[in-house]
Each structure stands twice: as structure tokens, then as C-alpha cells.
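Reading the structure
Residues per chain are reported as follows:
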Amino acid sequence: MNVYDGFRIAAMLEHHGFMRTDDVSDADIIILNTCAVRAKATDKVFSALGRIRRAKKTSALFGIVGCVARESGADAFRRIPDLNFVLGPQSYHKLPDILENPDARLLNIDLGGLEKFDALPQMQTSPRVAYIPIQEGCNHVCTYCIVPYTRGPEISRSFESVMAETIHAAKTGAIEICFLGQNVNGYKYTDKNGKTYRLSDLIRETAKIPEIMRIRFTSSYPTEMTDDLIDMFRTEPKLLPFLNMPIQSGSQSVLTRMNRPYSLKLYCDIIHKLKSARPDIQISSDFIVGFPGESDDDFEQTMKIAKQIKYINSYSFKYSPRPHTAAALMPDQIPENTKAARLAQLDTCLNEIQREFNESCINKTFACLLEGPDKTGRHLVYRTPFMQQCIVPACDNAPAMAQITITAANKASLRGKITD
Ligand code: SAM
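Summarised in this report is the structure supplied together with it. (Residues numbered from 1 in each chain as written. Predicted model: local features only at pLDDT ≥ 70, side-chain atom pairs only at ≥ 80, totals over all residues. Heavy atoms only, no water.)

1. Things to note about the nonpolar core
Core analysis: the largest hydrophobic core is formed by 65 residues, its most contacted members being Phe-179, Phe-217, Met-225 and Leu-274. Non-local contacts of Phe-217, meaning those with residues more than four positions away in its chain, are made with Cys-178, Phe-179, Val-184, Leu-199, Ile-203, Met-225, Leu-229, Phe-233, Leu-239 and Leu-243. Within the second largest apolar cluster, 21 residues are counted, among which are Ile-52, Ala-60, Ile-64 and Ala-76. (Core = buried A, V, L, I, M, F, W, Y, C linked by side-chain atoms within 4.5 Å. Buried < 20%, exposed > 50% of the residue type's maximum accessible area, 1.4 Å probe, protein only. Contact = heavy atoms within 4.5 Å.)

2. Let's talk about the sheet that holds strand S3 (residues 85-87)
With parallel pairing, four strands are arranged side by side in an open sheet as S1-S2-S3-S4. Single-partner strands in this sheet number two, and they are strand S1 (29-34) and strand S4 (106-108). The mean angle between the axes of side-by-side strands here comes to 15 degrees, regardless of whether they run parallel or antiparallel. As defined by bridge partners, S1 adjoins strand S2 (residues 61-66) across six bridges and the pair is classed as parallel. Directly across from Thr-34, in S2, lies its bridge partner Gly-66. In this fold helix H1 (residues 2-15) packs onto S1 and S2, with an angle of close to 160 degrees to the strand it touches most, S1. (Pairing = 2+ DSSP bridges. Helix = DSSP H or I, 4+ residues; strand = E, 2+ residues; numbered from the N terminus. Axes fitted to C-alpha atoms, helices over the stretch in contact; angles between N-to-C directions.)

3. Section: helix H8 (residues 159-171)
Each turn of an α-helix holds 3.6 residues, which means side chains three or four residues apart point in the same direction. Under the 1.5 Å per step criterion, the end-to-end length of H8 is 18 Å for 13 residues, consistent within 8% with the ideal 18 Å. Every buried residue of H8 is accounted for by Phe-159, Ser-161, Val-162, Met-163, Glu-165, Thr-166, Ala-169 and Ala-170. Two residues or fewer after H8 comes Gly-173, characterised by a positive phi angle close to 125 degrees. (Expected span 1.5 Å × (residues − 1).)

4. What about the side chain of Thr-405?
Among the structural elements, Thr-405 can be located in strand S19 (residues 401-409). Looking at Thr-405, its side chain comes within polar contact range of the side chain of Thr-365, at 2.8 Å. Leaving out residues up to four positions away in the same chain, Thr-405 has contacts with Asn-363, Lys-364, Thr-365, Arg-415, Gly-416, Lys-417 and Thr-419. (Polar contact = N/O pair within 3.5 Å; in protein donor to acceptor, adjacent residues only side chain to side chain.)

5. Digging into the pairing of strand S8 (residues 176-180)
Each regular strand displays side chains that alternate between the two surfaces of the sheet. Burial runs high along S8: five of the five residues are buried. Of the two faces of S8, the one lined by Glu-176, Cys-178 and Leu-180 and the one lined by Ile-177 and Phe-179 are each fully buried. Relative to strand S11 (residues 214-218), S8 runs parallel, the two being bridged by five bridges. Each bridged residue has a counterpart across the sheet, and for Glu-176 the counterpart in S11 is Arg-214.

6. Some thoughts on the environment of Tyr-144
With respect to the helices, strands and loops of the structure, Tyr-144 is situated in the loop between strand S6 (135-136) and helix H7 (147-151). For the pair Tyr-144 and Ala-327, spaced 183 residues apart in sequence, the C-alpha separation works out to 5.1 Å. Beyond its immediate sequence surroundings of up to four residues, Tyr-144 is in contact with Gln-248, Met-258, Arg-260, Ile-288, Phe-291, Tyr-319, Arg-322, Thr-325 and Ala-327. A polar contact of 3.3 Å, which involves the side chain of Tyr-144, links it to the side chain of Gln-248.

7. Brief notes about helix H9 (residues 199-207)
Taken across its nine residues, H9 has seven buried, putting it largely inside the fold. Within H9, burial applies to Leu-199, Ser-200, Asp-201, Leu-202, Ile-203, Thr-206 and Ala-207. Residues of H9 that are buried sit in contact with H8, S8, strand S10 (196-198), S11 and helix H10 (227-235).

8. Thoughts on the pattern of salt bridges
Summed over all chains, the structure comprises 28 salt bridges. Here Glu-14 and Arg-20 are joined by a salt bridge, their closest N and O atoms 3.2 Å apart. The class for Arg-20 is exposed, based on a relative accessible area of 60%. Among the salt bridges present, the one from Glu-336 reaches Lys-318, with a minimum N-O distance of 3.2 Å. With Glu-336 in helix H14 (residues 336-360) and Lys-318 in strand S15 (residues 315-318), this pair connects stretches of sequence that are 18 residues apart. Through salt bridges that share partners, Asp-5, Lys-116, Glu-136 and Arg-151 make up one connected network. (Salt bridge = Lys/Arg side-chain N within 4 Å of Asp/Glu carboxyl O.)

Shown next, in the form of C-alpha cells:
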């Protein structure tokens, strides 16, 4: 989501005559686009702002946009007095106001909904993978999560607006479309004639675009995995056989306290349906360890479900108490060292599953999408349909999409050779 926001902000500034620089001391405007999901990310923002204000030109404008801006509001000006602007995730299209009036401080943390999408210029060229947000906010109110506060209630963009942006991305370089939302599979838009569109409609329509070879979406909420969407995995070959569907915990009582009202049985039944629709599908998850009150037994159940489902690639986090959330006020907060030990144990297990899956890919051939050269320039990095990094020797005129046979694997990546 933030990568997309960053591209749109860059396009807006280019429209105003700015050019990119990698050198902070050379920049006329410096914008930190921020995430507030965990406390560590928020803390890093303020230390980065301290570094930037020492390195920047005196005349340069600098500020923060995104969820930390929304969370901190005017307090950010108190912490960093020479900050010029603080704009929430739904008001960064107001940035030109500071260009017109650079001596004023600009604070806007309103929840403007979808206004920003139409207020911003389109990017001139699209990256090969185009991220297209299809909704803002989230209605699920998980007790640990700050997103309903920072990004507000869930609103789906219109079908026409999403498709217009998708077609523009395809015509300007995109090969893969990744639909984005905090609750992406909850997408629901009803037009003025009363016709309702779901994520499955967006996928079906996008698959008709000849330039688009791959489609995916993230991040899904388990109970929004409706049959029409599951069926897309059966019928639409451009939809990648890879799905992030966060379970968060393997303990039913922790899930209840997280306000994640699905049973483990329902979650496993959905996975079963997905595998019937697309037998090669692979699942990834998000996990939170050390949620308030999580016992050793609760944590063991998380370990058990991770091994049972065999998630091939997951994001696991220590629970981080966040302002404006119910869980931050719950009793039985777990000590930091227990959280760290549990996270290390879970990560070891997830890494081992990932390594096993990667090794099972050796001698198989996949259609992969070129990401670009690696740091040395001697290799190219491709992405398999399961989002694994696959490294091949650099060559001239490397195709954007290539059939690659996997020759070696470790936990983090695959090696392969282009076979056509
Ligand atoms: N669709 C996703 C879901 O079903 O939960 C929501 C994406 S959420 C914004 C991104 C991830 O951040 C969550 O899945 C969760 O694992 C993690 N997260 C959110 N709040 C957190 C917190 N307070 N502490 C640790 N991790 C958190």
C-alpha cells in the first residue's frame, strides 16, 4: 500500500516539475511515507526525521505522510518543530498546498475516503508489477490493529475507477496486477444501476487485458473468501496459485480475543476448497505471537497449525501494543523476552517449511516474471508464480516473462536457467 502511495506522490511531484534525487542534502522536498502498524516502525520514523533535519538544506521542505502522520497529528510538530507538513494516508493529495504556501505548516489528517485516487495524476509509466488499491480502510476491528483508526472504515473504489487504472497500468508497462486492500477480498461496489461488483469481477475483467499475464491480490481476510472468488482459482489461469490469508494464531481462544471470529475448522475448510479448485495453490500467512494472555499451550497450537498448513512464506511478528486498540488495555501482557523466544521458535519452523518447499521445486519449470538485476549486476532476479525469488545468470535481452527450470534452492531463494 505504501509503495503504491509513494509512486502516486512521486507522480504528483513530477507533475509539479520536481525530479528524483537519492541525496537528501540536494533535495528541495523530503517526504517520509510511514506505517504505524507496529510501534517499532513509528519509532524509526522519528529517529529518521531527526537524521533528515540535520542533513537537509535549510530551505528544503520536509514532512511525513501516511499512518504515523495520522496517529501523531499536531504532536509531530511538537516533537520535530521544523517539520513543514503532516498529512494522513487519505490526504497526501493536499501536498501541493505546501508548495504554494511553504511558510505555513500544513496539517491534514482527515479521513477523506477515496478522494485522493481521483485527485492525483496517473503515473506516466507503470512498473512491471502494478499495485492497484481497490479499497481504503477496514471494518474488521481486530483488537490489536490500528488500521481502522489510521485508515478509517472500509470503502471500496468504483469498479470503473479500478479498471481504468488497471488498463492504464497495462498500457504503460504492467505485466502483473496486484490488487491491494487491508481486506481485499471484502471488495464490494454497487453501481448506480444496483449492480454489485466483487473482487472476482475485477479479476475476470483484468484477465481479458492481453498485456496482463499475472494477477494476484493481498491481503485477504479468511471469512471473506467467498465461493465466487475461490472459483477464480479454478477458472482463471492468470490468477497466480499463491494466496496470503492470515490466520494470526492457531489458538481458538486467542483468535476470539483478537476479535477474529472464525473457527480453525472453517479456516481449514477454506484451504481445502482452495486446494480442490487449484491443486498447486500455496498459502502464506501473517502470525502474531505474544498476544495478551497467550499461554504456552496457545502458542503450541500456533506451531501446530503452521506445520499442518505448511505455509510457504509468512510474516510473523511479536505483538506490539498500539494506541486506539482494545488489546493494548488487556491484562496479561506478555513479557518481551517470551515474545522474542516464541517468535524465534516460530520463525525457525516457518523457515524450514519454506526451505522444504523451495527444494521441492528443483527440476520443475515455471513461468516467471523479471524483477530486475541483482546488486552485483551478474544475475537477474525473477519471481515464480509462488513469489519465490529465482536467480538466473544475466543475459542480453532477457525476456520479461520466461520459462525457468529450477536447478538449486535454499531457504531464501531459487536458482534456475531460462529454458526458452
Ligand atoms: N487482511 C489482514 C488480516 O486478515 O489481518 C490485515 C493486514 S494487517 C494491516 C497487516 C498485518 O500486520 C496483520 O496481518 C498482523 O499480522 C500485523 N499486525 C497488525 N497489528 C499488529 C500489532 N499490533 N502487533 C503486531 N502485528 C500486527
